[in-house]
Number of protein chains: 2
Amino acid sequence: MAKDLVIGIDIGGQTSKCGIVDARGTVLAQTVIRSDNHTTVEPFIAELAEALNHIIAEAGAEGRIRGIGVGAPNGNYYTGTIECAPNLAWAHDKVEFAKLLSEQMNGIPVSLTNDANAAAVGEMTYGAARGMKNFIMITLGTGVGSGIVIDGNVVYGHDGFAGELGHTTAVRHNGRQCNCGKTGCLEAYCSAIGVARTAREWLEMSDEPSELRSLDKITSKDVYEAAKDGDKLALKVFEFTGRILGEKFADFIAFSAPEAIVLFGGLARAKEFLTEPIVKAMNENVLSLWRNKVKLVYSQLKESDAAILGASALAWEL
Amino acid sequence: MAKDLVIGIDIGGQTSKCGIVDARGTVLAQTVIRSDNHTTVEPFIAELAEALNHIIAEAGAEGRIRGIGVGAPNGNYYTGTIECAPNLAWAHDKVEFAKLLSEQMNGIPVSLTNDANAAAVGEMTYGAARGMKNFIMITLGTGVGSGIVIDGNVVYGHDGFAGELGHTTAVRHNGRQCNCGKTGCLEAYCSAIGVARTAREWLEMSDEPSELRSLDKITSKDVYEAAKDGDKLALKVFEFTGRILGEKFADFIAFSAPEAIVLFGGLARAKEFLTEPIVKAMNENVLSLWRNKVKLVYSQLKESDAAILGASALAWEL
């Protein structure tokens, strides 16, 4: 039987999304499992393989899977490993993810990269970055990830780990503790978790009225809903978040002079509150030659699709 | 007659170095002219052309020049223009440098890039970065420049201006005014001018004894000489400078995961005072996966040679 299908897997801090994709980029079947139920890699891989076999059966795809592409935090394209991923309890050390998954899937070849790199490939092939040769994809999810495309190619660097812009320093002195062990990282401020934390800190620090005060546990989604209701504190949280993003984007522009910064992920849904402060801070902090020239665009793909499609694109090359 | 030679030109804020180079990378003749004697481009080009014709005659190279490669601040590889170069009075706007020089040189073709990009090519071909596919060249001169090499290619970006790391933000709040119009740029602290300024500011702010107090006008070279004499204030200036460099290098590493950072330029001669604070700050600010893994190396080429050779390498491609 022709090996005419691939599988794309997007591993996030909370959930992992899997899909069977055909050559046209149609997702034929998909499923989601938790990423955070295990502290070692083997039971996670076992659960993942079971989920994959389920959608393979559902799509009538037995014997037709050419390869599996995986996007994962700290995923290494060169070695197929996931290393020191702060948001994945089963990958705090180094795990041979591609090898283990391939073994569990009867030898189907597995290729792996950074989740944000996978999303960048998806966006370049099917989304907002179609036709662009130079752009930076920033994923605003549980963490802040990045996929950098230069001259049409994803940047992997000397060791395969390039593009960790979420762990560049946004606040130099007395910065927040980040999951990665450092302080002041962009991710500690501008991820979904960072936004919720900003809101909680500001509520504690002031008596400013806010509908968020009535909530037990505040998430970034709560802050977004409050901002939509016109809640001033919530609006200020997004202004603060957008300013930090824009300041750092200006530094990224000085590095690779991209045509656009592409925003992707759950938090990017708050674009009506983020765009203005991002663009303002970005333009205030770039050299004049880039002022008002670098586009800020938002992903045009359904969040799950972009990552699955991007990861699946890797598998076609196997 | 065979067109078997090229010319490399390195345009700096103060001087421009020119050399005739053969296919083996030997500099057959060279000369230096001031870059800062003119406020418009035409008389500078006329003076440059005269200097070039002089060394062409000296080397017996009439009719043998295949092309001219130029490295210049804010030089654009795609368009052959120099745009908004803060340290060049005759290029505050946009000048058609490659076209004008070619016209003055009887139609010899001219290729142009960022001076730091040219130096990076020189270092990759002849110097400390031989065999490296992924490195970042940082030039510490009148300004702070950068040439980024990924997978063996210089990064030019969407518009040809990639690699302006000297104008990423080192100090976010109340940063020093930079020549580029922004505040807090790396260049405002870690260029030769920045080092001299740090020393002057600290002398003003404190009563700490220092041999620098006896000088009328302090240059970075004075600070270096004082540090060599064991002057505590001068040593602290280099520690401060090195720490800022290391902090920013950590961010650059997160971008492109280079094998090495290569330091070049007049200020890099102070390596005995810069290395320790740079390496310490770099390792404190990178993700653990890069800690103690990215090399810090110093240019192995004579300063003038690297830039001339790098620029000349462009000319061979013409």
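One structure accompanies this document, and this report is about it. (Residues numbered from 1 in each chain as written. Chains lettered and ligands numbered in written order. Predicted model: local features only at pLDDT ≥ 70, side-chain atom pairs only at ≥ 80, totals over all residues. Heavy atoms only, no water.)

The next point concerns the relation of the copies chain B and chain A. Least-squares fitting of chain B to chain A yields an RMSD of 0.0 Å, with the superposition described by an axial translation of 0.0 Å and a rotation of 180°. What the rotation and shift describe, once combined, is the action of a two-fold rotation axis. A symmetric contact is evident, with 100% of the interface residues of chain B recurring at the interface of chain A. (Least-squares fit on C-alpha atoms with pLDDT ≥ 70 in both. Contact = heavy atoms within 4.5 Å.)

Next up on the list: the pairing of strand S11 (residues 260–264) of chain A. Residue and element names in this part refer to chain A. Among the five residues in S11, five count as buried, and that is most of the element. Burial of the side chains of S11 extends over both faces: Ala260, Val262 and Phe264 are buried on one face and Ile261 and Leu263 on the other. Two strands pair when backbone bridges link them, and strand S8 (residues 135–140) and S11 are joined in this way by five bridges, in the parallel orientation. Residue Ile136 lies in a different strand from S11, and its bridge partner there is Ile261. Pairing analysis gives four bridges linking S11 to strand S12 (residues 295–298), with the strands arranged parallel. By the bridge assignment for S12, Val262 is matched with Val297. Regarding topology, helix H8 (residues 271–285) serves as the crossover connection from S11 to the parallel S12, and that connection is right-handed. (Buried < 20%, exposed > 50% of the residue type's maximum accessible area, 1.4 Å probe, protein only. Helix = DSSP H or I, 4+ residues; strand = E, 2+ residues; numbered from the N terminus. Pairing = 2+ DSSP bridges. Right-handed = clockwise from strand over helix to strand, strands pointing away.)

Moving on, we come to the interface of chain B and chain A. Facing the 42 residues of chain B at the interface are 42 residues of chain A. For the pair chain B and chain A, the summed buried area comes to about 3400 Å², and 60% of that belongs to carbon and sulfur atoms. Remark: the boundary between chain B and chain A carries four salt bridges. A salt bridge links Glu247 of chain B to Arg172 of chain A, with the nearest nitrogen and oxygen atoms 3.5 Å apart. (Buried area = accessible area lost by both parts, 1.4 Å probe. Salt bridge = Lys/Arg side-chain N within 4 Å of Asp/Glu carboxyl O.)

A few words now on the environment of Ala270 of chain B. All names here are of chain B. When you line up the elements, Ala270 lands in the loop between strand S11 (260–264) and helix H8 (271–285). Owing to a relative accessible area of 2%, Ala270 belongs among the buried residues under this scheme. Along the sequence, Ala270 and Asn74 sit 196 residues apart, while their C-alpha atoms lie 26 Å from each other.

Another point: the pattern of salt bridges. If you walk through the whole model with that rule in mind, you get 26 salt bridges over all chains. Residues Lys94 of chain A and Glu83 of chain A are paired through a salt bridge, measuring 3.8 Å at the closest nitrogen-oxygen approach. Taken together, the residues Lys94 of chain A in strand S6 (residues 94–95) and Glu83 of chain A in strand S5 (residues 82–83) connect sequence positions eleven residues apart. Relative accessible area serves as the criterion here: at 13%, Glu83 of chain A is assigned to the buried category. Because the salt bridges share partners, they merge into one network encompassing Lys248 and Asp251 of chain A together with Lys248 and Asp251 of chain B.

Before going further, it helps to examine the sheet that holds strand S3 (residues 27–34) of chain A. All names here are of chain A. Within the open sheet, the five strands sit side by side as S3-S2-S1-S4-S7. Their pairing is mixed. The open sheet has two edge strands, S3 and strand S7 (110–114), and neither has a second partner. Shown here is a sheet whose adjacent strand axes are inclined to one another by a mean of 15°, direction ignored. Pairing of strand S2 (residues 15–21) with S3, which is carried by seven bridges, proceeds in the antiparallel orientation. (Axes fitted to C-alpha atoms, helices over the stretch in contact; angles between N-to-C directions.)

Take the packing of aromatic side chains next. Any two aromatic rings considered together are summarised by their centre-to-centre distance and by the angle between their planes. Under the defined criterion, the tally for this structure stands at 27 aromatic pairs over all chains. Taking the centre distance of 5.9 Å and the plane angle of 70° together, the rings of Tyr224 of chain B and Phe273 of chain B count as edge-to-face. In this pair, Tyr224 of chain B sits in helix H6 (residues 220–228) while Phe273 of chain B sits in helix H8, placing the two residues 49 residues apart along the sequence. With respect to class, Tyr224 of chain B is no different from Phe273 of chain B; both count as buried. Taken together through their ring pairs, the aromatic side chains of Phe249, Phe252 and Phe255 of chain A together with Phe249, Phe252 and Phe255 of chain B make up a single cluster. (Phe/Tyr/Trp six-rings, centres within 6.5 Å; stacked < 30°, edge-to-face > 60°.)

What follows covers helix H1 (residues 41–58) of chain A. Residue and element names in this part refer to chain A. Compared with an ideal rise of 1.5 Å per residue, which puts 18 residues at 26 Å, H1 spans 26 Å between its outermost C-alpha atoms and is within 8% of the ideal. Listed in full, the buried residues belonging to H1 are Val41, Phe44, Ile45, Leu48, Ala49, Ala51, Leu52, Ile55 and Ile56. Projected down its long axis, H1 shows its buried positions confined to an angular sector of 165°, all on one face. With respect to the buried face of H1, the exposed residues turned more than 90 degrees away are Glu42, Glu50, His54 and Glu58. Its buried side turned inward, H1 meets strand S1 (5–11), S2, S3, strand S4 (65–72), S6 and helix H2 (97–104). Immediately beyond the C-terminal end of H1, within one or two residues, lies Gly60, with a positive phi of roughly 60°. (Expected span 1.5 Å × (residues − 1). Arc of directions from axis to C-beta.)

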